[in-house]
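# Chains, contacts and geometry: an overview
The chain contents come next:
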Amino acid sequence: MATFERSGVLLSAQDRSQLATISARMHELESEFYTNSSEQEIVVYFTKVELERVPKEFFYNRTPVYQDRIETYAVSARRQDYVDVLNYAVSEDARKRIFVASGTVCFENIHLPQEAVK
């Protein structure tokens, strides 16, 4: 019964309509938030030494990028790359850099939580 109550079954028709409108808008905001976040590509470059102890599978299908004649690897701040570097890299600096990059604000999302709590 509690689930039905939370869904608004005991509300008046007008309040149910308002709840449906708010709920639909919340779904739109959530979708927009995740779309913006997934489109933002944040890349951090690491040397092979910085990625010491990261499993060799991590490097499959990765082409080295040369910066100032130093071989580096582009690592996305998205979930799987981020987790692999945090869990396995020996370099504390590498782990810190990918952690900070993963928390970088997607500026398109700044207004969304504010609208959601209005």
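Along every chain, residues carry numbers that run from 1 in the direction the sequence is written. Where totals are concerned, whole chains, interfaces and linings use all residues; where local detail is concerned, this predicted model gives features only for residues with pLDDT of at least 70, and gives and counts side-chain atom pairs only at 80 or more. Neither water nor hydrogens contribute to the side-chain values; these are computed over all heavy atoms in the structure.

## Remarks on the overall build of the protein
Across its full length, the protein holds five helices and three strands. When the elements of the protein are put in sequence order from the N terminus, they spell out α-α-β-β-β-α-α-α. Throughout, exposure labels follow a simple rule: accessible area from a 1.4 Å probe, protein chains only, divided by the maximum for the residue type, with under 20% read as buried, over 50% as exposed, and the rest as partly exposed. Counting all 118 residues of the protein, 25% fall into the buried class. Pairs at least 24 residues apart make up 64% of the contacts formed inside the protein by residues separated by at least 6 positions. Working note: accessible area of the protein is about 8800 Å², and carbon and sulfur atoms make up 55% of it. Each helix is a run of H or I in the DSSP string that is no shorter than four residues. Each strand is a run of E no shorter than two, and both are numbered from the N terminus. Contacts: residue pairs with any heavy atoms within 4.5 Å of one another. All accessibility values rest on the Shrake-Rupley procedure with a 1.4 Å probe; residue burial counts only the protein chains present in the view.

## Regarding the nonpolar core
Buried Ala, Val, Leu, Ile, Met, Phe, Trp, Tyr and Cys residues that are joined via side-chain atoms within 4.5 Å together make up what is termed a nonpolar core. Core analysis: the biggest nonpolar cluster contains 17 residues, and Phe46, Leu51, Phe58, Val75, Val85 and Ile98 have the highest contact counts within it. Of all the secondary structure elements, the ones that give two or more residues to this core are strand E1 (43–47), strand E3 (70–76), helix H3 (79–88) and helix H4 (92–102).

## Points about the sheet that holds E1
The three strands are arranged E1-E3-E2 in an open sheet whose pairing can be described as antiparallel. For this open sheet the edge positions go to E1 and strand E2 (65–67), each flanked by a neighbour on one side alone. Averaged over all adjacent pairs, the angle separating strand axes in this sheet is 50°, with direction ignored. For E2 and E3, the ladder comprises three bridges, and the chain directions are antiparallel. Looking at the pairing, Tyr66 lines up with Glu71 of E3. Its contacts with the sheet place H4 against E1 and E3, and it is angled at close to 170° to E1. Strand pairing is assigned whenever DSSP detects at least two bridges linking the two strands. The axes used here are C-alpha line fits, helices contributing only the stretch in contact, and every angle between their N-to-C directions lies in the interval 0 to 180 degrees.

## Topic: the side chain of Thr72
Relative to the elements of secondary structure, Thr72 occurs in strand E3. Classification of Thr72 as buried rests on a relative accessible area of 5%. At 2.7 Å, the side chain of Thr72 forms a polar contact with the backbone oxygen of Val65. Filtering out sequence-adjacent residues up to four positions away, Thr72 remains in contact with Tyr45, Phe46, Thr47, Pro64, Val65 and Gln67. Whenever two N or O atoms come within 3.5 Å, that pair is a polar contact, provided that in protein one can donate a hydrogen and the other can accept it, and provided that, for residues adjacent in sequence, both atoms are side-chain atoms.

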